[in-house]
Amino acid sequence: MWNSLDTGAQDGLLAEVIAIPAHNGDWIHAYWARPAGPGPHPAVVAVHHMPGWDEYYREFTRRLAAHGYNVICPDLYHRFGHGTPDDVAARARAAGGLSDDSAVGDLVAAAAYLRALPSSNGKVGIIGTCSGGRHAYLIAGRHPDAFDAVADLWGGRVVIRPEELTDTMPVAPLDYTQNLTAPVLGLFGNEDANPSPAAVDTLEAELTKHGKEFEFHRYDDAGHGFFYHDRPAYRQQQAMDGWDKVFAFFAKHLT
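Residues numbered from 1 in each chain as written. Predicted model: local features only at pLDDT ≥ 70, side-chain atom pairs only at ≥ 80, totals over all residues. Heavy atoms only, no water.

K.L.:
Teacher, can you tell me more about the packing of helix 1 (residues 55-66) against helix 6 (residues 236-254) here?
P.N.:
Relative placement of two packed helices is described by the angle separating their axes and the distance separating the axes. At a minimum axis distance of 11 Å, the contact between helix 1 and helix 6 shows a crossing angle of 50°. Comparing the axis directions of helix 1 and helix 6 gives the class oblique. The hand of the helix 1/helix 6 crossing is right-handed. Contacts from F60, R63 and L64 in helix 1 reach M240, W243, V246, F247 and F250 in helix 6. Its residues assigned to classes, the contact of helix 1 with helix 6 shows 7 nonpolar, no polar and 1 charged. (Axes fitted to C-alpha atoms, helices over the stretch in contact; angles between N-to-C directions. Helix = DSSP H or I, 4+ residues; strand = E, 2+ residues; numbered from the N terminus. Parallel < 35°, antiparallel > 145°, perpendicular 65-115°, else oblique. Left-handed = near helix turned anticlockwise from the far one by under 90°. Contact = heavy atoms within 4.5 Å. Nonpolar A, V, L, I, M, F, W, Y, C, P; charged D, E, K, R; others polar.)

Listed below in structure tokens is the structure:
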């Protein structure tokens, strides 16, 4: 939980950009943060949002690591080149966006990297916001054995109509729900349009139909991106409660 640290502990944090082998044998950059101690530690793959592999996600990664997790956030836009996060994200959009196959391949590789660490306790979760929440849910259905816990934070386009499918996103993540084996945490704002409350209802009904383990939390006066302290969408009370839900969920299923 937030602010539950021991003031007498002599702990530390290490963080750096590394390269990891990923989809199709490509090497991509990843931001890796972890506790300084030997472990064993549970692990989490952090999936960045559509605005890119940005400063917010480096903070996001370090926050999880400060709570005792080995955390990797891979640069899913690595193949679109380098520059400022805004410029790279714009190039990704102009090129038609990130393909599901590329994202899934990179994230499976990141999970394998974390599990192989000498400090690993053998368990790996995944968390993402916005498009990263969609990717987290997608990969949990396509590779049910890859993760031990899945956190989808307002993932848009998990529930989509057939006419909205594209070459890069050919299958709705919802359609993989029956394959899920890991528990799912969902955090959503009731003022969000993507996913809308109706879409969250559909997702919840599908998980219930297939008897999956999940917990959803919905927040009033919160829209898309209510965790983002660098944006007007930020809602302090809802965000901090959401972070408590994330830490409790991962503590339950990964430690």
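K.L.:
How do you make sense of the side chain of R34 when you look at a structure like this?
P.N.:
Along the polypeptide, R34 turns up in strand 2 (residues 27-35). Note on R34: relative accessible area 12%, which makes it buried. At a separation of 2.9 Å, a polar atom in the side chain of R34 contacts the side chain of E16. With near-sequence residues (within four places) excluded, R34 lies in contact with G12, L13, L14, A15, E16, A65, Y69 and N70. (Buried < 20%, exposed > 50% of the residue type's maximum accessible area, 1.4 Å probe, protein only. Polar contact = N/O pair within 3.5 Å; in protein donor to acceptor, adjacent residues only side chain to side chain.)

K.L.:
Is there a simple way to think about the sheet that holds strand 7 (residues 184-189) in this case?
P.N.:
Sheet strands pair via backbone hydrogen bonds, and the direction of the pair is either parallel or antiparallel. Here we have 8 strands laid out as an open sheet, ordered 1-2-4-3-5-6-7-8, and mixed in their pairing. Every interior strand has two partners, whereas the edge strands, strand 1 (13-21) and strand 8 (214-219), have only one. In this sheet, adjacent strand axes meet at a mean angle of 20° when their direction is disregarded. Note that strand 7 and strand 8 share 6 bridges and pair parallel. What sits directly across from L187, in strand 8, is H217. Against the sheet, helix 1 makes contact with strand 1, strand 2, strand 3 (41-47), strand 4 (70-74) and strand 5 (120-129), and its axis sits at roughly 40° relative to strand 2, the strand it touches most. In this fold helix 5 (residues 197-209) packs onto strand 6 (149-153), strand 7 and strand 8, with an angle of close to 165° to the strand it touches most, strand 8. (Pairing = 2+ DSSP bridges.)

K.L.:
Before we go on, may I ask you to explain helix 2 (residues 85-94) in this structure?
P.N.:
Note on helix geometry: an α-helix contains 3.6 residues per turn, so any two residues three or four positions apart are oriented the same way. All buried positions along helix 2 are accounted for by V88, A89 and A92. Buried residues of helix 2 fall within an arc of 100° about the axis and therefore sit on the same side. Summarising the geometry of helix 2, the exposed residues directed more than 90 degrees from the buried face are D86, R93 and A94. Directly after helix 2, the chain includes G96, whose backbone phi takes a positive value near 100°. (Arc of directions from axis to C-beta.)

K.L.:
What is the right way to read the pairing of strand 3 from this model?
P.N.:
One face of the sheet, then the other: side chains in a regular strand alternate in exactly this way. Counting buried positions over the 7 residues of strand 3 gives 7, a clear majority of the element. For strand 3 and strand 5, the ladder comprises 6 bridges, and the chain directions are parallel. What sits directly across from V47, in strand 5, is G128. By the bridge criterion, 3 bridges tie strand 3 to strand 4 in an arrangement that is parallel. Across the sheet, residue V44 finds its bridge partner in strand 4, namely V71. A crossover links strand 3 with its parallel partner strand 4, the connecting element being helix 1, and its sense is right-handed. (Right-handed = clockwise from strand over helix to strand, strands pointing away.)

K.L.:
Help me out: how do you make sense of unusual backbone geometry in this one?
P.N.:
Of all residues except glycine, most have a negative phi; of all peptide bonds, most are trans. The residue after G39, namely P40, is reached through a cis peptide bond having omega 10°. For P40, the position within the fold is in the loop between strand 2 and strand 3. The omega torsion across N194 and P195 is 15°, close enough to zero to call that bond cis. Along the chain, P195 falls in the loop between strand 7 and helix 5. The backbone of N24 shows a phi angle near 60°, a positive value even though the residue is not glycine. Look at R157: it is not a glycine, yet its phi comes out positive at around 65°. Relative to the helices and strands, R157 resides in the loop between strand 6 and strand 7. According to the relative accessible area criterion, R157 is partly exposed, its value standing at 25%.

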